[in-house]
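These are the residues of each chain, in order.
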Amino acid sequence: MEKKDVDWGSLDFNYRETDYSYVSMYKDGKWDEGKLTKDHTVTMNECAGVLQYSQSCFEGLKAYTTEDGKIVCFRPDLNAQRMHDSCLRLEMPPFPVDRFVKAVEEVVKANAAWVPPYGSGATLYIRPYMFGYNPVIGVKPADEYMFRILVTPVGPYFKGGMKPVEVRIPDYDRAAPHGTGGIKAGLNYAMSLYPIMEAHRQGFNENMYLDPATRTKIEETGGANIIFIKDNGKTLVTPKSDSILPSITRRSICYLAENYLNMKVEQREIFLTEVEDGEFDEMGLCGTAAVISPVGRINDHGKVINIKSGMDDMGPTLKKLYDTLTGVQMGRIKAPEGWVHEIKVD
Ligand code: PLP
Ligand code: COI
């Protein structure tokens, strides 16, 4: 199979249309059999549930070319399960977990020519999403839903790639206490648009949200979980909170830290004062899009908190974690059982 003529190394994190998407409709209480489509346009009634009451959720995962030329994706069963959980919280009918994984396989296979080559620095981003399709005017869930998967080749989420970023603490929350912060609802991202544009206008890369109830504990950014390193690289600390997304990347990093790198992992409440007091040597953002992106500086309303590893390079322990994670994803390091899902292309 011949790859598309794309300058893979210069891709950034933007949408580019590919050949096929996947689509399945939920109607009369059941999902249809689903199919690939070349139609990348969605047409629906102006009163559709998603347009009126934002009934939508999504997922994000990637397909990679491994060192030995296979196409794989990373733990798609966990994305399937998380989307299932998002759907329940939003009164949407879950797309069955096994069908989700099969649909990912099908759409990646159909777009194999778009999966960036090994070593190019790019990957194929896979975006499953679901929304309320039929008209609703009273505040209630839709009866009909569309589940789709689009794929698009991407480069690094942050422009500098592995260069440390600077985050600020915003005056806004992305999620409410007991709200929807723990699921991947589209509405969480709508909430973050004004704060992210304000952060960019002020010269910062991202917002670091504090817990919405007390504004004293660290939560996550608009699109990634947070990890800290302390004790000379011996300990990884990551926030525990019901209002952050349970990142699959973060869960994987914690496992690799404990089982591959012999580190101690603490998942607990992290107070901003601990960061101010210089408790941590390194800080990173982690997620499918962000992979592991180092943070060099936090700005709290003009007060600068420097992370010891600084603004020049990724710190040594995050680099080790980054190499281990991407090594597993790209087939250079033996993966734990069931993590790497091969997609066979004939
Ligand atoms: N937190 C938020 C708000 C996100 O949007 C994402 C991205 O999916 C993550 C964390 C990271 O999650 P994952 O590692 O499963 O991609
Ligand atoms: C992801 O990492 O997959 C995300 O969804 C984060 C962002 C692109 C919204």
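Residues numbered from 1 in each chain as written. Chains lettered and ligands numbered in written order. Predicted model: local features only at pLDDT ≥ 70, side-chain atom pairs only at ≥ 80, totals over all residues. Heavy atoms only, no water.

J.: Before we go on, may I ask you to explain the side chain of T235 in this structure?
T.: Within the secondary structure layout, T235 lies in strand β13 (residues 235-239). Overall, T235 belongs to the buried group, its relative accessible area being 2%. Not counting chain neighbours up to four residues away, the residues in contact with T235 comprise F228, I229, K230, M263, K264 and E266. (Helix = DSSP H or I, 4+ residues; strand = E, 2+ residues; numbered from the N terminus. Buried < 20%, exposed > 50% of the residue type's maximum accessible area, 1.4 Å probe, protein only. Contact = heavy atoms within 4.5 Å.)

J.: Can you help me understand the site of ligand 2 in this one?
T.: Taken together, F13, F58, G60, Y125, R127, Y157, K184, Y189, G223, T288 and A289 form the complete shell of residues around ligand 2. Y125 places a side-chain nitrogen or oxygen 2.5 Å from an oxygen atom of ligand 2. Side-chain polar atom of K184 to an oxygen atom of ligand 2: 2.7 Å apart, as the coordinates give it. About the coverage of ligand 2: the protein hides 89% of its 280 Å² of free accessible area. (Near = heavy atom within 4 Å. Polar contact = N/O pair within 3.5 Å; in protein donor to acceptor, adjacent residues only side chain to side chain. Areas by Shrake-Rupley, 256 points an atom, 1.4 Å probe, with all protein chains shown as cover.)

J.: How should I be thinking about helix α5 (residues 248-259) in this particular structure?
T.: Since the α-helix packs 3.6 residues into each turn, any two residues three or four apart lie on the same face. For α5, built from twelve residues, the straight-helix expectation of 16 Å at 1.5 Å per residue is met to within 8% by its first-to-last C-alpha distance of 16 Å. All of the buried residues along α5 are I248, T249, R250, S252, I253, C254, L256 and A257. Sitting at the head of α5, S247 places a side-chain oxygen 3.2 Å from the backbone nitrogen of T249. (Expected span 1.5 Å × (residues − 1).)

J.: What is the right way to look at the packing of α5 against helix α7 (residues 316-329) in this model?
T.: Angle between the axes and distance between the axes are the two parameters that describe a pair of packed helices. Put simply, α5 and α7 touch, their axes get as near as 10 Å, and they point 110° apart. Our classification of the angle between α5 and α7 gives roughly perpendicular. Mapping the contact onto sequence places T249, S252, I253, L256 and A257 in α5 and L321, T324, L325 and V328 in α7. For the contact of α5 with α7, the class distribution of residues is six nonpolar, three polar and no charged. (Axes fitted to C-alpha atoms, helices over the stretch in contact; angles between N-to-C directions. Parallel < 35°, antiparallel > 145°, perpendicular 65-115°, else oblique. Nonpolar A, V, L, I, M, F, W, Y, C, P; charged D, E, K, R; others polar.)

J.: Explain empty space enclosed by the protein here, please?
T.: Remark: the empty space left among the atoms is shown by a probe the size of a water molecule rolled over them. Taken as a whole, this structure holds three cavities of 30 Å³ or more when the rule is applied. Taken as a whole, the largest cavity spans an internal volume of roughly 120 Å³. Taken together, 13 residues form the lining of the largest cavity, with Y64, F74, T249, T288 and Q329 sitting closest to its centre. The set of elements that each furnish at least two residues to the lining of the largest cavity consists of β5 (61-65), α5 and α7. A total of three residues in the lining of the largest cavity trace back to one element, the largest contributor, which is β5. When grouped by side-chain class, the residues that make up the lining of the largest cavity number six nonpolar, six polar and one charged. (1 Å grid on protein atoms, 1.4 Å probe; cavity = no way out; pocket = protein on both sides within 12 Å on 5 of 7 lines; lining within 4 Å. Points joined across faces, edges and corners; volume = space filled by probe spheres on them.)

J.: Sorry, what's going on with the packing of aromatic side chains here?
T.: The description of an aromatic ring pair rests on the distance of the ring centres and on the angle between the ring planes. This structure, assessed with the given rule, holds 17 aromatic pairs. Where F100 meets F147, the ring centres are 6.0 Å apart and the plane angle is 45°; that geometry is what we call tilted. Taken together, the positions of F100 in helix α3 (residues 97-110) and F147 in strand β8 (residues 145-154) put the pair 47 residues apart, joining distant regions of the chain. For the residue pair F100 and F147, the accessibility class agrees, reading buried in each case. Through a chain of ring-to-ring contacts, three or more aromatic side chains come together here, namely Y22, Y26, W31, F95, F100, Y145 and F147. Lying across the ring of Y20, K38 places its NZ or CZ 5.0 Å from the centre. Positioned above the aromatic ring of Y194 is the side chain of R201, whose terminal nitrogen or guanidinium carbon lies 5.8 Å from the ring centre. (Phe/Tyr/Trp six-rings, centres within 6.5 Å; stacked < 30°, edge-to-face > 60°. Lys NZ or Arg CZ within 6 Å of the ring centre and 35° of its normal.)

J.: Before we go on, may I ask you to explain the environment of G338 in this structure?
T.: Assignment of secondary structure puts G338 in the loop between α7 and β18 (340-342). Counting along the chain gives 263 residues from G338 to R75, while the straight-line C-alpha distance between them is 7.2 Å.

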